[in-house]
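# Descriptive structure summary
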Amino acid sequence: MTTPASPQACDLLIEAGWVVPVVPHGVVLEDHAVAIRGDRIVAVLPRAEARAAFQAAEVVSRPGAVLMPGLVNAHCHNPMTLMRGVADDLPLMTWLQQHIWPIEAKVIGPEFVADGIELAVAEMLRGGTTACAENYFFPDIQAATYSRLGFRALVGLPVIDFPTAWARTQDEYFDKGLEVHDNWRRDPLVSTCFVPHAPYTVNDAAFERIRMLADQLDLVVHCHIHETAHENAEAIKQHGMRQLARLDRLGLVNDRLMAVHMTDLTDAEIALCAERGVSVAHCPESNLKLASGFCPTRKLQLAGVNLALGTDGAASNNDLDMFGEMRTAALLAKGVSGDASALDAASTLHMATLGSARAMGLGERIGSIEPGKQADLACVDLDPLETQPMYHAISQLVYTAGRHQVSDVWVAGVRKLADGQLAGLDVDAIRAKARRWRERIAGIRPGA
């Protein structure tokens, strides 16, 4: 006769009506629990077995909810939450050159970046997002702010051909960026990548330097590519080739490249991305709002390209709602391809979690609920009438549930949202800062 094993100690046991681990693909585990010790998942097992196997310091029971990996926003410009709605209903280049860049030139700085990120983090946590890939200036301030707020971020080291408040010369962009990388390379939540803005704003020498450093430091290269057909037409005039061909000539089309938008693609370019292991970060709502074009997600999916999902910035979306982004991505894929099976619910959820994590170089740490991974998790309450009756949890998450149904969020095992209430963030102070920035920006807006 064997003696029953004593329960193991753990810090947290989360019980849910349904656990959607993402790996294995499309699986839904009913009446399961996830055990967490420190910042890591230690077990996923049926609720009754979990109660017997673990002595938890805290138990969170959510019988009417789905427990899922935290959503991963693969492309955002979070300081731009402070410019939400400042210039709408305009094409990309008009929006960028006549409105966004002139406003940024007058307000961008450490305080703008920190306050914008704080507003964005509050919004993302309330919507079940636990990690993001950031693409903006002042990466030193970004990293410090994300770290202070306990939010996971891939902070971009910007490179662009013209002077900004962050750096004046190409050498300064690289020198300051590499200093940020060195300062944060061992941080548990903040990591870094290169963010050359786009092929039309970065020269060949800078791209070659990025390729060399990305290879040496094993860093992701996060870049707007093929955002519009117009960009490729201009690239042919200037360089005699399309953007992706130019980047391939410079050695950047590889498994470190996270290509954002990618609305204008040939079949040969899709095959090249699949062969080289490129990840594509799809931003459907921003692309729709700016009329930038349609990313051929069905063709990319069938080719085996890793798909990630991002919101883009709140000035061109205008929110950071990954639930809305999932639904739009799934529906748009079907409409564009004429195939109702395109980007099914499980594949869409994968894109918004593990697909994004892999694109960001974090696939071994986050994006799925597996023992050994970081405990970045979100609970979504499916009890409301709007999500009844409940036949399939993944379908309900993608096609029906809204971000207002997120009840609880953990980042690295730390609870950041409890029963819908943010932990450790002063909502009134964040709102007051946003209103002060609104007053300042409204006074300098072009045409104001």
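Our structure's up above, just so we're on the same page.
A short tour of the structure in this document, coming up. (Residues numbered from 1 in each chain as written. Predicted model: local features only at pLDDT ≥ 70, side-chain atom pairs only at ≥ 80, totals over all residues. Heavy atoms only, no water.)

### What to know about the overall build of the protein chain
Tallying secondary structure elements over the protein chain gives 15 helices and 16 strands in all. A compact globule built from 448 residues would reach a C-alpha radius of gyration of about 22 Å, and the protein chain, at 22 Å, matches this within 12%. Each principal axis of the C-alpha distribution contributes one length, and for the protein chain these read about 80 × 50 × 45 Å. Expressed as a percentage of the 448 residues in the protein chain, the buried residues total 58%. (Helix = DSSP H or I, 4+ residues; strand = E, 2+ residues; numbered from the N terminus. Rg over C-alpha atoms; globule rule 2.2 N^0.38 Å. Buried < 20%, exposed > 50% of the residue type's maximum accessible area, 1.4 Å probe, protein only.)

### Things to note about the pattern of salt bridges
Per the counting criterion, the structure on display carries 30 salt bridges. Here D88 ties to K289 by a salt bridge, and the two come within 2.7 Å at their closest N and O atoms. Within this pair, whereas D88 is found in the loop between strand 5 (71–76) and helix 2 (92–107), its partner K289 is found in helix 10 (residues 284–289), the two being separated by 201 residues in sequence. Residue classification places D88 among the partly exposed residues on the basis of a relative accessible area of 29%. With its nearest N and O atoms 3.9 Å apart, the salt bridge here joins K176 to E172. Remark: E172 and K176 occur in helix 5 (residues 170–184); sequence separation between them is 4 residues, near one turn of the helix. Look at the salt bridges and you will find they share partners, linking E58, R62, D408, R415 and D419 into a network. (Salt bridge = Lys/Arg side-chain N within 4 Å of Asp/Glu carboxyl O.)

### What about the environment of I366?
Mapping I366 onto the fold places it in the loop between helix 13 (345–359) and strand 13 (377–381). In the structure, I366 is positioned 214 residues away from R152 in sequence and 9.9 Å away in space, judged by C-alpha atoms. Ignoring anything within four residues of it in the chain, the contact list for I366 reads V72, A131, R152, L354, A357, K373, Q374 and D376. (Contact = heavy atoms within 4.5 Å.)

### Some points on the side chain of T164
Along the chain, T164 falls in the loop between strand 7 (152–159) and helix 5. According to the relative accessible area criterion, T164 is buried, its value standing at 11%. Beyond its immediate stretch of four places on either side in the chain, T164 contacts F137 and Y173.

### Side note on the nonpolar core
Core analysis: the biggest nonpolar cluster contains 116 residues, and M68, M83, W95, V121, Y146 and L349 have the highest contact counts within it. For Y146, the contacting residues outside a window of four places in its chain are N78, I117, V121, C132, E134, F151, A153, V155 and V190. Counting 18 residues, the second-largest nonpolar core is a separate cluster that includes V72, V260, A281 and A357. (Core = buried A, V, L, I, M, F, W, Y, C linked by side-chain atoms within 4.5 Å.)

Everything listed is a geometric property; what it means functionally is a separate question.
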